[in-house]
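Here's the letter readout for the chains.
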Amino acid sequence: MTDKNRVIIFDTTLRDGEQSPGFSMNLKEKLDMAHQLARLGVDVIEAGFPITSQGDFDSVSRIAAEVRGPVICGLARAIEKDIVRAGEALLEAPRKRIHTFIATSKVHVEKKLRMTREQVIQSAHDAVKLARTFTDDVEFSCEDAGRTDWDYIVDVLTAAIEAGATTLNIPDTVGYTVPEQFGGCIAHVIRKTPGIDKCIVSVHCHNDLGFATANSLAGVKNGARQIECTINGIGERAGNTSLEEAVMMLKVRKDYFGVETGIKTEEIYRTSRLLSRITGVKVQPNKAIVGGNAFAHEAGIHQDGIMKERTTYEIMRPEDVGWTGESMVMGKHSGRAALAKRLASLGFALGKEEIERAYERFKDLCDKKKDIYDEDLIAIVEDEVLQTKPMWSLEDMEVDARMKKQPMVRVRVRCADGQIREATSTEGDGQVDGLYRALESIVNHEVRLLDYAIESVTSGKDALGRVKVRMKVDGREVRGIGVATDVIVASAQAWLSALNRYLLMSELEKQNGTTRPEQI
Ligand code: KIV
Ligand code: ZN
């Protein structure tokens, strides 16, 4: 395939995705995600929007310094201070890109920017010129291009090209267009903009009406050669084009599109699950490519067809996206080495001490549960091994629950200073509420539970239960996860893990003297 037929995959999970509510990540989580995106083979990682907060600046610079393979990109408005900050954050990246943007639709130009159309063209030009002093790889976007008249897009892009832009992005910022129209816009821009043949034309579509992936692919059909997308389709409001959908469409329907990407599709499933684990947001079961049901054939007639000939109901193989299903991996006779090997194949690079802790937990679990699945192992590692050094931990608990009576809960926890504290609650709307009331009475922090979700890690009545909580501690939002065969124990662990996370973040801030990372 020639370069003309290669579609660049620009991943913005850590920028457009991370800025949406419920998807914020800390520095370590962003780094883990960026390393996995590099393994997945994305061409560009948009790592953040450095001007927006110290936290964003720090994560872009760490990713720039550590992650190798993809181009690392930072976002900047068409404003001098934004571009300089992005340039500084990207300093250590061997391959870097500055992505600068300004809105071009009538409503944005007149009501939001309060500028004339000529001023917008001048700003676009100046921004690109300044960005070029930091790197030769500069992307320019016309924000809200989906609602901009096409000839004006041509004028703005002409100025950006003249100033040295190398990638020209056409965003459908509010998810307003339909595929035929969006494809028409891309074709028009390519036909009319002088010098555009030396640049890559990119698409960035939002999913407000459910057309993000379709619009992006219509763009490709009409000559775009970069798709901006996110894992699991996360992003502002209804999200962005989902990477897995766009990539698999181009792969499965190569006969129609005639292009290819550099994505290692067998890494898709793992990347999707990593994002879910980090953010605590599960993928809907019927989501294309990565949903739990994407390869499940329930109806008898389908199962019969599949058994006779796979292609009767399957247009792609589950293994092409790295979906292995619930594979039973080991039992109580498996040793440390086998466990370490399996965890490595699941993408966990653990040290000796971490393996040892995982093995202890694994043995405990074998006493309670007959079949151990990959998902169980992942749960063990994320719960026990990858948790930051626990400051507060659960020592013991007792719950007495009877129908129509308030539960009695007694908890014993080990505090950060090693002391044991105990509390009892005889109030509460159910066991979890009673438990959380007891825990709250022990800590000197103001805690408010925002979200509580419980799920079974694998199937069967002996399955591990995973509890995820989102709570506000002293006004700051944190998440926690707890995993145990008993869901009430998992609930206590989730609560304590969120508290530990809050304490760790506060401690790190004190040490580094950094400000609290804001959400954009
Ligand atoms: O949706 C949008 O317009 C954006 C730009 C910053 C590219 O995210
Ligand atoms: Zn966007």
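This text follows the structure it describes.
The rules behind the values
Residues numbered from 1 in each chain as written. Chains lettered and ligands numbered in written order. Predicted model: local features only at pLDDT ≥ 70, side-chain atom pairs only at ≥ 80, totals over all residues. Heavy atoms only, no water. Helix = DSSP H or I, 4+ residues; strand = E, 2+ residues; numbered from the N terminus. Rg over C-alpha atoms; globule rule 2.2 N^0.38 Å. Buried < 20%, exposed > 50% of the residue type's maximum accessible area, 1.4 Å probe, protein only. Pairing = 2+ DSSP bridges. Axes fitted to C-alpha atoms, helices over the stretch in contact; angles between N-to-C directions. Contact = heavy atoms within 4.5 Å. Donors = N, O, S within 2.8 Å, 3.2 Å for Na, K, Ca; no water.

Quick look at the overall build of the protein now. A count of helical and extended segments in the protein gives 18 helices and 16 strands. What you see for the protein is a C-alpha radius of gyration of 25 Å, in line with the 24 Å of a compact globule of 520 residues. Overall, the protein is about 75 × 65 × 45 Å in size when its C-alpha atoms are taken along their principal axes. Residue burial in the protein is summarised as follows: out of 520 residues, 52% are buried.

As a further point, take unusual backbone geometry. Excluding glycine, residues mostly have negative phi values, and the peptide bonds linking residues are mostly trans. Notably, Ile 289 is not glycine yet its phi reads approximately 70°, a positive angle. Even without a glycine there, the phi angle at Asp 474 is positive, about 50°. Considering the arrangement of structural elements, one finds Asp 474 in the loop between strand E15 (465-473) and strand E16 (476-484). Look at Asp 474 and you get partly exposed, because its relative accessible area is 33%.

Glancing now at the sheet that holds strand E7 (residues 200-205). Spatially, the eight strands close up into a barrel ordered E1-E2-E3-E4-E5-E6-E7-E8, and their pairing is parallel. Averaged over neighbouring strand pairs, the angle between their axes works out to 25° when direction is ignored. Two strands pair when backbone bridges link them, and strand E1 (residues 8-11) and strand E2 (residues 44-48) are joined in this way by two bridges, in the parallel orientation. Paired with Asp 11 across the strands is Ile 45, a residue of E2. Lying over the sheet, helix H6 (residues 117-132) contacts strand E4 (96-103) and strand E5 (138-143), oriented at roughly 170° with respect to E4.

So, about the coordination of the zinc ion (ligand 2). In this structure, Asp 16 (OD), His 204 (NE2) and His 206 (NE2) serve as the protein donors to the zinc ion (ligand 2), at separations of 2.0 to 2.1 Å. Counting residues between consecutive donors of the zinc ion (ligand 2) along the chain gives the motif D-x187-H-x1-H. With Asp 16 in helix H1 (residues 13-17) and His 204 in strand E7, this pair connects stretches of sequence that are 188 residues apart. Assigned by exposure class, Asp 16 and His 204 land together as buried.

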